[in-house]
Amino acid sequence: MKPQKLAAAARFAAVMAAAFLACPAPAGAVIKVEFPVSKMFDTSRAVIVGTVTRVTPENRVAEVKVADTAKGTPAGDALRIQVANPPDLVRRVQAGQAVVLFVAQDRGGALALLHLADAWFMAERVAGAADAWRVVQAHDAAQSFPGRTVALARVVEALKAGKPALLNTFDPAVLGGGVRELGKLAVAKPTFLSAADVNADKKPDLVVGTAAGVRLFLAAGNGYEDATEAWGLKAAAGAYRAVGDVNADGRPDLVIGKTRWLNDGRTFAAAKAVFEVPDAPRPAAAALADATGDGKPDLLVLLPAGRALVFENPGAADKPWPARPAVALWDDAAAPAAAAFGDWGDTGQPHVLAVRGGAITRYALDAAGGPPADYAGLVGTALPAGRKAHLGGLEKVAAVTLDANGDGRPDFFVVAPAGGLLMVDRGFGAFFTSAEAGDAVTSDGPRKVPFAIGPETAWTAADLAGDGCDDIIVLTEDGRLFAVSNPPPAKH
């Protein structure tokens, strides 16, 4: 780098160290972003959002059409960005990509923090050119927002409208209410456990998979009563399962195996049309969620080899659900150790979080969701080697989806015999992580729980206390049922 550029970079680093910097709090304390995107927005002189229209590799210039000056004096219709450093950046910049520029108050607005090609950079205004900026070097603001530039543009749009965007603080002291035994169910070696309030009494009921078929247990008094036959589920069987209101009548319906079971408030009735889903003794994941944007939950199935199937809800009980072409999320046949569907991305559409090969990766079901994102692209830091060893390489794991902090967003809890990792959804495809949550459910942790969590564990999440935060329910091989309580986090 030339001397003048080195000097500019030094000036910029000094400014950004005091302004555009994000750090997590020490372990054991509330996890927070010290300088979140919302504060960047508030303290910037101007915030500009645009789209790359053309890239000229020979002179390392990207032409940008300004879509919005979200804050400050309008920037005009266009900008030029000289993609000087790092050297490989110009190859990553393409027409159609989003650009977000936070212009600092310092030095007359000559310095800025730039998000381009899904990464953060320092930039300085080109002398004598109000509409031209030069990228100086990469900047470590990924913990403020680790996701895509197109998603950051949506965050800025929300901030401009005065709406909260990203979760910036999280109390890692979740699942801290202790373990209590809920009773014993007349089942042995359960294959799965799901929870839903099927009879509208505001108490989660339990759907249990067994080798002999599905069992339904209704919450009653201080325990659970077997209502399988009374509710018409005696013939229900299959490895795939999902819960959701498929016909908008306010009652949770079930998908078991290849069959929809419609809930009328007193019984379940099997729909005539079935799903053409390949048989699998251990399906990777299944869910009822809107994948088409029409407000109706579709059936999503992840096969062990990585193919995602979507069956579109036609909105009528007597019609078959047409299948979309299968989407290959990865290009090898290795099954995930654990996986789940959820609104994990930045498009509002379902994504998959999968634990594969000792890593956690997010996959989109369509091109709008972008390419697969690794742990660093979700959290802003690499998975630490010490934590990976603590989890035994993220291989023999179990996973469950829950709302850990009562904010309405799905979080992802991965547990191995030696510890766990809770991924807390911040919104727009970004996450916090905490290893402390694993202490509540690991048998060799400080709390000595009376069960072991592993790949075969039947467990689920449900709000047992009605306080907005999901607790965890564990069903052991011999039918004992335990609840791991999750009181609401303390106010800070």
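Residue positions are given per chain, counting from 1 as you read along its sequence in written order. It should be noted that, the model being predicted, local features are given only for residues of pLDDT at least 70 and side-chain atom pairs only at 80 or more, the latter also being counted only at that level, while totals for whole chains, interfaces and linings use all residues. Only heavy atoms go into the side-chain values, all of them from the structure, while hydrogens and water stay out.

Asker: Quick question: what am I supposed to make of the overall build of the protein chain here?
Answerer: Numbering of helices and strands starts at the N terminus; helices are DSSP runs of H or I of at least 4 residues and strands are runs of E of at least 2. Check the secondary structure of the protein chain and you find six helices and 32 strands. The proportion of buried residues among the 492 residues of the protein chain is 52%. In this analysis, two residues are considered to be in contact whenever any of their non-hydrogen atoms come within 4.5 Å of each other. Expressed as a percentage of contacts within the protein chain between residues at least 6 apart in sequence, the contacts between residues at least 24 apart total 51%. The charge count includes Lys and Arg as positive and Asp and Glu as negative, but it does not include His or the ends of the chains. Working definition for charges: the position is that of NZ of Lys, CZ of Arg, CG of Asp or CD of Glu. Once the 49 positive and 53 negative side-chain charges of the protein chain are each reduced to a mean point, those two points are 6 Å apart. Throughout, exposure labels follow a simple rule: accessible area from a 1.4 Å probe, protein chains only, divided by the maximum for the residue type, with under 20% read as buried, over 50% as exposed, and the rest as partly exposed.

Asker: Hey, could you run me through the pairing of strand β25 (residues 359-364) in this one?
Answerer: Remember that side chains alternate between the two faces of the sheet whenever the strand is regular. Counting buried positions along β25 yields five of six residues, so the element is predominantly enclosed. Any two strands with at least two DSSP-identified bridges between them are counted as paired. In this structure, strand β24 (residues 351-356) lies alongside β25, joined through six bridges in antiparallel fashion. Paired with leucine 353 across the strands is arginine 362, a residue of β25. Linking two consecutive strands that pair antiparallel, namely β24 and β25, is a turn of two residues; a positive phi of about 55 degrees is found at glycine 357 within it.

Asker: What exactly am I supposed to notice about the sheet that holds strand β15 (residues 241-244) here?
Answerer: Working definition: the strands of a sheet are paired by backbone hydrogen bonds and lie parallel or antiparallel to each other. With respect to topology, four strands assemble into an open sheet ordered β15-β16-β17-β18, the strand pairing being antiparallel. Sheet topology places β15 and β18 (268-274) at the edges, where each strand pairs with a single neighbour. Along the sheet, successive strands turn relative to each other by an average axial angle of 20 degrees, direction set aside. Looking at chain direction, strand β17 (residues 259-263) and β18 are connected through four bridges and run antiparallel. Looking at β18, one finds that tryptophan 261 is bridged to alanine 270. Fitted lines through C-alpha atoms give the axes, limited to the stretch in contact for helices. The angle between two N-to-C directions lies from 0 to 180 degrees.

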